[in-house]
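The primary structure of each chain is shown beneath.
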Amino acid sequence: MIIIKNKFDIKKMIEVGKLTANVLDMIKKYIVPGINTNEINDICQDYIVKKQKLISACLGYKGYPKSTCISVNDVVCHGIPNKKTILKKGDILNIDISLIKDGYFGDSSKMFIVEKCSNIAKKLCQITLKSLYSAIKIIKPGIRIGKIGKVIEKIAKKNRFSVVREYCGHGIGKNFHEKPYILHYKSKNKGIYLKEGMIFTIEPMINVGKRNIFCDKDKWTVRTKDKSLSAQYEHTILVTKNGYKVLTLRKNEKIK
Ligand code: MF3
Ligand code: CO
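Rules and cut-offs
Residues numbered from 1 in each chain as written. Chains lettered and ligands numbered in written order. Predicted model: local features only at pLDDT ≥ 70, side-chain atom pairs only at ≥ 80, totals over all residues. Heavy atoms only, no water. Donors = N, O, S within 2.8 Å, 3.2 Å for Na, K, Ca; no water. Tetrahedral: all angles 85-135°; square planar, octahedral: opposite > 155°, others 65-115°. Helix = DSSP H or I, 4+ residues; strand = E, 2+ residues; numbered from the N terminus. Buried < 20%, exposed > 50% of the residue type's maximum accessible area, 1.4 Å probe, protein only. Core = buried A, V, L, I, M, F, W, Y, C linked by side-chain atoms within 4.5 Å. Contact = heavy atoms within 4.5 Å. Patch = residues over 30% accessible without salt bridge, like charges linked within 9 Å, V, L, I, M, F, W, Y side chains within 5 Å. Areas by Shrake-Rupley, 256 points an atom, 1.4 Å probe, with all protein chains shown as cover. Salt bridge = Lys/Arg side-chain N within 4 Å of Asp/Glu carboxyl O. Lys, Arg positive; Asp, Glu negative; His and termini not counted. Charge placed at Lys NZ, Arg CZ, Asp CG, Glu CD. Pairing = 2+ DSSP bridges. Axes fitted to C-alpha atoms, helices over the stretch in contact; angles between N-to-C directions. Parallel < 35°, antiparallel > 145°, perpendicular 65-115°, else oblique. Left-handed = near helix turned anticlockwise from the far one by under 90°. Nonpolar A, V, L, I, M, F, W, Y, C, P; charged D, E, K, R; others polar.

Visitor: So what exactly am I meant to see when it comes to the coordination of the cobalt ion (ligand 2) here?
Guide: Expected angles at a metal are 109.5 degrees for tetrahedral coordination by four donors and either 90 or 180 degrees for octahedral coordination by six donors. Those protein atoms acting as donors to the cobalt ion (ligand 2) are Asp107 (OD), His170 (NE2), Glu203 (OE) and Glu234 (OE), and they sit at 2.0 to 2.3 Å. In this structure, the cobalt ion (ligand 2) is surrounded by six donor atoms whose angles at the metal cover 51 to 159°, and the resulting shape is irregular. Each donor residue of the cobalt ion (ligand 2) lies on one chain, and together they are spaced D-x62-H-x32-E-x30-E. With Glu203 in the loop between β9 (199-202) and β10 (205-207) and Glu234 in the loop between β13 (230-232) and β14 (235-239), the pair connects residues that are 31 residues apart, well separated along the chain. Assigned by exposure class, Glu203 and Glu234 land together as buried.

Listed below in structure tokens is the structure:
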């Protein structure tokens, strides 16, 4: 069953979405060479708890030990912040923020570049963002959910990148993860038809090399098998009467 959100739900999802975006705006200035990912996590945690008076949805989720996921270079997703991962010039990293406000969840992530990175790393980030934006732009009632993955995969393939298949976007509301689940690649099943009032994330993970991944012995950190770079962007999106509303849009961000 897919939960269609009512007016009150939507109001709450707009609130938590905005606050989730604010954390990603806040953290930008701290992404410099020499900082470790545990310090970045602690700055986010402090901001979420002390300034926003909220709680992270990640902390304690299925035993996850930190408030954020920070995935550097070949880490695809769910990187556990730690003191040993010290950022250096040229690194690329994803910071994934999930918040709970009044029982409603917000979920968003973006890439950060430490000073200046290689051309290929920059291209990977640009193409991953482009794939998310292109998928968002087709959202409206009546389209089939399978179209989202088709759009994403087409852009990745055109640039000779690959799309990770093991993780998908998800419905979100009073649950962190609920139906519908959204594949980021083309599949035979074209899926359900979108309806006004659905809210879900789109969060493509794209690799420079092959799509294959493995999970570390810490049971969380997911890496590319071939050690190639991986990027991810994520937004929480509401299906509106005529199109979409990006609930986690950041200040100065425009869907181009
Ligand atoms: N934020 C992730 C998502 O996009 C989930 C992270 S779960 C955690 O669904 F436990 F690793 F934080
Ligand atoms: Co998500």
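Visitor: Could you clarify how one ought to interpret the nonpolar core in this entry?
Guide: The nonpolar side chains of soluble globular proteins are, as a tendency, buried together. Within the largest apolar cluster, 35 residues are counted, with the highest numbers of intra-cluster contacts made by Ile139, Ile148, Leu194, Phe200 and Ile202. Where this core is concerned, the elements lending two or more residues are α3 (119-137), α4 (146-158), β9 and β14. Ranked by residues supplied to this core, first place goes to α3 with nine residues. Those residues in contact with Ile139 that sit more than four places away from it in its chain are Ile148, Leu194, Phe200, Ile202, Ile237, Val239, Gly243 and Tyr244. In terms of nonpolar packing, the next biggest core, distinct from the first, is built from 32 residues, Leu19, Ile31, Ile97 and Phe112 among them.

Visitor: Please clarify how a positive patch on the surface should be interpreted in this entry.
Guide: There is a patch of like positive charges on the surface, built from Lys130, Lys137, Lys140, Arg144, Lys147, Lys150, Lys154, Lys157, Lys158, Lys186 and Lys190. Among the elements of the structure, α3 and α4 are those that each provide at least two residues to the positive patch. At five residues, the largest contribution of residues to the positive patch is made by α4. Relative to the helices and strands, Lys130 is located in helix α3. Take Lys130: its relative accessible area is 43%, and that puts it in the partly exposed class.

Visitor: How should the sheet that holds β10 be read in this particular structure?
Guide: Paired through their backbone hydrogen bonds, the strands of a sheet run either parallel or antiparallel. Here three strands make up an open sheet; going across it, the order is β6-β10-β13 and the pairing antiparallel. The open sheet has two edge strands with one neighbour each: β6 (162-163) and β13. Helix-sheet contacts for α3 involve β10 and β13, and the interaxial angle to β13 is about 35°.

Visitor: What's the story with the pairing of β9 in this structure? I'm lost.
Guide: Within a regular beta strand, the side chains point alternately toward one face of the sheet and then the other, so they alternate between its two faces. The side-chain alternation of β9 yields two buried faces, one formed by Ile199 and Thr201 and the other by Phe200 and Ile202. By the bridge criterion, four bridges tie β9 to β14 in an arrangement that is antiparallel. Residue pairing for β14: Ile202 is matched across the bridge by His235.

Visitor: So what exactly am I meant to see when it comes to the packing of α3 against α4 here?
Guide: Think of two packed helices as two axes; the pair is described by the angle between the axes and how far apart they sit. Viewed as axis vectors pointing N to C, α3 and α4 meet at an angle of 150°, and their least axial separation amounts to 9 Å. Taken together, the axes of α3 and α4 are roughly antiparallel relative to one another. Classified by chirality, the crossing of α4 by α3 is right-handed. Residues Ile127, Lys130, Ser131, Ser134 and Ala135 of α3 form the contact with α4, whose participating residues are Ile148, Val151, Ile152 and Ile155. Along the lines of polarity and charge, the residues of the contact of α3 with α4 split into six nonpolar, two polar and one charged.

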